[in-house]
Amino acid sequence: MIKSLHLGSEFSMLRRFEVENYRCFSEKLVFDLTSRDYSFNQNLVYNGIVNKAIIYGKNGIGKSVLGFALFDIISHLTDNKCLQKKNYRNLEHLDQPVVFRYFFKFGNDDIVYEYIKLDQYDLRKETLKLNGKELVRFDYFSQSETERFVDSTLKGSLNIDLPDNKLSVLKYIYRNTPTNSSSPVTKLIHFCENMLWYRSLSEGNSHMGFTTRNFELTEMIRENNKLEEFQYFLKQNGLDYQLGFEKENDGYILYAYYRNGERTEKAPFLSLASTGTQALLLYFAWSVAAFPKISFLFIDEFDAFFHYESAELIVQLLNGQSGFQSVLTTHNTYLMQNRLTRPDCCFLMTKNKITNLYDSTDREIREAHNLEKMYINGAFTG
C-alpha cells in the first residue's frame, strides 16, 4: 500500500482549534488535540499532539459541522475547493460574528491564527502570532495604523492595499512578496493548501481542499499505476476482482472480468460495485492521489457504508500513515478498542463540547480496559 512519510523536525500539526457562533455551535467549541501519557500506540501521537483522532457522537450533534468549521480556513487562504454552507452564523446569535482560532505546531514554532467573519467570504479581522509575538493585527473596517498592523518581517516594503474584505491579508502577503519557506505565512498557507476533507453519503461523494480539480476516482488509480494494489485492497475487504483498464474514445474504462462458461466476459467495474465497494474505491483513490502530499485529513462519517471489518482495516491503514494528521467521525463504537486507538485519541461530542475519553471520566483508563464497554455502561460523561 502507500508508504508512510517520515515525521521530521518540521512536521506541521494542528494542536488546538476553537470556534464560536458557527452554525449549530451556540457557545465556544474547543477541540484540544493535546495527547496524554500512554505508553501504548505511541504512533498515534507525535510531539505531544494527537496525530490520529476518532470522533463519536449522536446524530445532529455537530460532527460534520466541526469538519466544515475546521476547513473554513481554506476558503480565504487557498484557491482550493470549499463547499458553501447556509446558516453560517448560529441562529440564536445572528447579531454576532463567527470567530475561528487555530493553534499550530510547525516544527519548533507555535503559530496562532485567529480571524473573524460574518459569512464565509466576509472577513472582518485577522491576527497572526508566532511564539507569542503578534505579527499581524488587521481590521478590515478600520483605518487606524494600530488596527492594520503587519510586521515588517512579513511584508518588507510591500504596501498593503486590499481590494475588499474577501481577500485575506495573509494571502495578499503570500502572493506579493518573495517566497520565504521559513515565513510563518508560507508555512500556514502551505499547510492549508494540503488539507483534505471528504465524505461519501447517499447523495454522492464530495470533497474540500487539496486541489482545484474534480477527480475521476478510477482515473486517479490509473494515472498512478496502482491497479494491482487496488485489487489487493479489495481482496483484503473480501472482494476478489480481476480488473483492467481499456481505452475507449477519449478516456479509459475500468472493467471487471469474469468467466461465463468457456468465455471471458467483462462489465464496467462501477456498474457492478455496491455502495460499500464504491466507498472503498473512494478511500483508495484518495490514498493514492493525496496521502503522500496532504497535511491534514478529515473523513466525515468515514464508515457509513462499511462492514465493521472494513472500518477496522481503514483505521489500521490510517494509523500506519505518519505524514499527516487524520480525524475520522463515526457512530461505530466497535472501533473504541485500545488495539486500534487510545483514550486520548478518542473524542466524544456532545452539545457545544468535544472531549477525549481520558478527560471524560474520573476513572483511570488502562490499556487492558474495554473502552466500548465502558462507553455503553456510561463511564464517559462527555
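Note that the structure is a prediction, hence the values are computed from the model and not measured.

In the predicted model, the protein chain carries a mean pLDDT of 92, and the fraction of residues at 70 or more is 97%. A low-confidence stretch, residues 1-9 stays under pLDDT 50, and its non-local contacts, those more than four residues away or across chains, total 27 contacts.

Before going further, it helps to examine the pairing of strand β15 (residues 263-268). As paired elements, strand β14 (residues 251-260) and β15 share 6 bridges and run antiparallel to each other. Across the sheet, residue Y257 finds its bridge partner in β15, namely K266. Taking the residues between adjacent antiparallel strands as the criterion, β14 and β15 are bridged by 2 residues, where G261 takes a positive phi near 70°.

Glancing now at the environment of N108. Topologically, N108 is positioned in the loop between β6 (98-106) and β7 (109-119). Considered as a pair, N108 and S26 are 82 residues apart in the sequence and their alpha carbons are 34 Å apart.

Turning our attention to the sheet that holds strand β19 (residues 353-356). The strand order across the open sheet built from 7 strands is β12-β11-β16-β17-β5-β18-β19, with neighbouring strands paired in mixed fashion. For this open sheet the edge positions go to β12 (204-209) and β19, each flanked by a neighbour on one side alone. Here the strands of the sheet are splayed against their neighbours by 20° on average, with no regard to which way each runs. Each of β5 (52-57), β11 (195-201), β12, β16 (296-300), β17 (325-330), β18 (346-350) and β19 is contacted by helix α1 (residues 63-70), which is oriented at about 150° to β16, the strand it contacts most.

Within the largest apolar cluster, 64 residues are counted, with the highest numbers of intra-cluster contacts made by F17, Y22, F31, L66, I73, F100 and L188. Discounting chain neighbours no more than four positions away, the residues touching F17 are L29, V30, F31, L66, A69, L70, F100, R101 and Y102. In this structure, Y198, I221, L297 and C346 belong to the second largest nonpolar core, which totals 56 residues.

Another aspect to go through is the sheet that holds β6. Hydrogen bonds between backbone atoms are what pair the strands of a sheet, whose relative direction is either parallel or antiparallel. A sheet is described by the order of its strands in space; here 7 strands give the open sequence β2-β1-β6-β7-β8-β9-β10, paired in antiparallel fashion. Since the sheet does not close on itself, it has two edges, and those belong to β2 (29-32) and β10 (148-150), each with one partner. Within this sheet the neighbouring strands show an average axis-to-axis angle of 15°, counted without direction. With 6 bridges joining them, strand β8 (residues 122-130) and strand β9 (residues 133-139) adopt antiparallel strand pairing. In the sheet register, L128 faces β9, and the bridge partner there is V136. Taken strand by strand, α1 contacts β1 (12-20), β2 and β6, and its axis lies near 110° from that of β1.

Procedures and definitions
- Residues numbered from 1 in each chain as written.
- Predicted model: local features only at pLDDT ≥ 70, side-chain atom pairs only at ≥ 80, totals over all residues.
- Heavy atoms only, no water.
- pLDDT = per-residue confidence, 0-100.
- Contact = heavy atoms within 4.5 Å.
- Pairing = 2+ DSSP bridges.
- Helix = DSSP H or I, 4+ residues; strand = E, 2+ residues; numbered from the N terminus.
- Axes fitted to C-alpha atoms, helices over the stretch in contact; angles between N-to-C directions.
- Core = buried A, V, L, I, M, F, W, Y, C linked by side-chain atoms within 4.5 Å.
- Buried < 20%, exposed > 50% of the residue type's maximum accessible area, 1.4 Å probe, protein only.

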